[in-house]
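One-letter residues, chain by chain:
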Amino acid sequence: MVPKQTLLTLLRIAREHYLDPTKEEVGLALYDETHWQAYITVEGYSKILNCHPAFDGLSFTQSEEHANGIPLWMECTIYRKDRSHPIVVREYFEEVKGDQTIWQKMPRRMLRHKVMAQCARLAVG
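Here is what the cut-offs are and how they apply
- Throughout this document, residue positions are counted from 1 along each chain, in the order its sequence is written.
- Given that this is a predicted model, residues contribute local features only at a pLDDT of at least 70 and side-chain atom pairs are listed and counted only at 80 or more, while totals for whole chains, interfaces and linings are drawn from all residues.
- Water and hydrogen atoms were dropped before computing side-chain values, which therefore reflect all heavy atoms in the structure.
- Under the DSSP-based scheme used, a helix requires at least four consecutive residues in state H or I and a strand at least two consecutive residues in state E, with every element numbered from the N terminus.
- Classification of residues uses two cut-offs on accessible area relative to the type maximum, computed with a 1.4 Å probe and protein chains only: under 20% is buried, over 50% is exposed, and between them is partly exposed.
- Should any heavy atoms of two residues lie within 4.5 Å, those residues are counted as being in contact.
- To define a nonpolar core, start from buried Ala, Val, Leu, Ile, Met, Phe, Trp, Tyr and Cys residues and group those joined through side-chain atoms within 4.5 Å.
- In a helix, the anticipated span is given by 1.5 Å times the number of residues less one.
- Directions pointing from the helix axis toward each C-beta atom define the arc.
- One side-chain nitrogen of Lys or Arg within 4 Å of one carboxyl oxygen of Asp or Glu is enough to make a salt bridge.

1. A look at the overall build of the protein chain
- Scanning the protein chain from terminus to terminus reveals five helices and seven strands.
- Starting at the N terminus and walking to the C terminus, you meet the elements of the protein chain as α-β-β-α-β-β-β-β-β-α-α-α.
- Along the longest, intermediate and shortest principal axes, the C-alpha atoms of the protein chain span 45 × 40 × 20 Å.
- Each of the 125 residues in the protein chain was classed as buried or not, and the buried ones make up 38%.
- Taking the intrachain contacts of the protein chain between residues at least 6 apart in sequence as the baseline, contacts between residues at least 24 apart amount to 41%.

What follows is the structure, given as structure tokens:
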């Protein structure tokens, strides 16, 4: 079902970043019923950050404004020991929300995961 090339990409990502597919640190997603993509999960990004020698912590902030109890945006700030300024990424809920059930059940958590993954990509990717 998953194309061979996509599986090889998943294994390449796992090997390159010392991630374990059995611990859900990398995964596969199906887009448009025909296109598969390998990706690093929030667990994977957490592992990458915590293993990086320059990682010096992270923090989150969110908008004061809410829509249906969900912050309009959330920011992740990642600090590195080797940089004078932190990396800051803001993601807007309306732009990143997914159609999956998990986004309906835990929208704030999913927004936090999304912003952390994007910030980690910039900080240590």
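2. Considering the nonpolar core
- Counting 30 residues, the largest nonpolar core has Val26, Ile40, Tyr45, Leu49, Ile78 and Met116 as its most contacted members.
- For this core, the elements supplying multiple residues, two or more each, are helix H1 (4-17), strand S2 (35-40), helix H2 (42-51), strand S6 (73-80), strand S7 (87-92), helix H3 (93-96) and helix H5 (107-124).
- Not counting residues within four places of it along the chain, the set of residues in contact with Tyr45 comprises Ile40, Met116, Ala117, Ala120 and Arg121.

3. Concerning the side chain of Thr6
- With respect to the secondary-structure elements, Thr6 resides in helix H1.
- Residues contacting Thr6, with those up to four places away along its chain left out, are Leu28, Trp36, Gln37 and Ala38.

4. Focus on H1
- Taking 1.5 Å per residue as the helical rise, H1 with its 14 residues ought to reach 20 Å, and the 20 Å between its terminal C-alpha atoms agrees with that figure.
- Buried within H1 we find Thr6, Leu10, Ile13 and Ala14. An end-on view of H1 places all buried positions within 100 degrees of arc, on one side of the element. Every exposed residue of H1 that faces more than 90 degrees away from the buried side is listed here: Lys4, Gln5, Arg15 and Glu16.

5. Some details on the pattern of salt bridges
- All told, the structure shown has four salt bridges when counted by the stated rule.
- We note a salt bridge from Arg90 to Glu75, for which the minimum N-O separation is 2.8 Å. Separated by 15 residues along the polypeptide, Arg90 in strand S7 and Glu75 in strand S6 bring together distant segments of the chain.
- Residue classification places Glu75 among the buried residues on the basis of a relative accessible area of 17%.
- Residue Asp82 pairs with Arg80 through a salt bridge whose shortest N-O separation is 2.7 Å.

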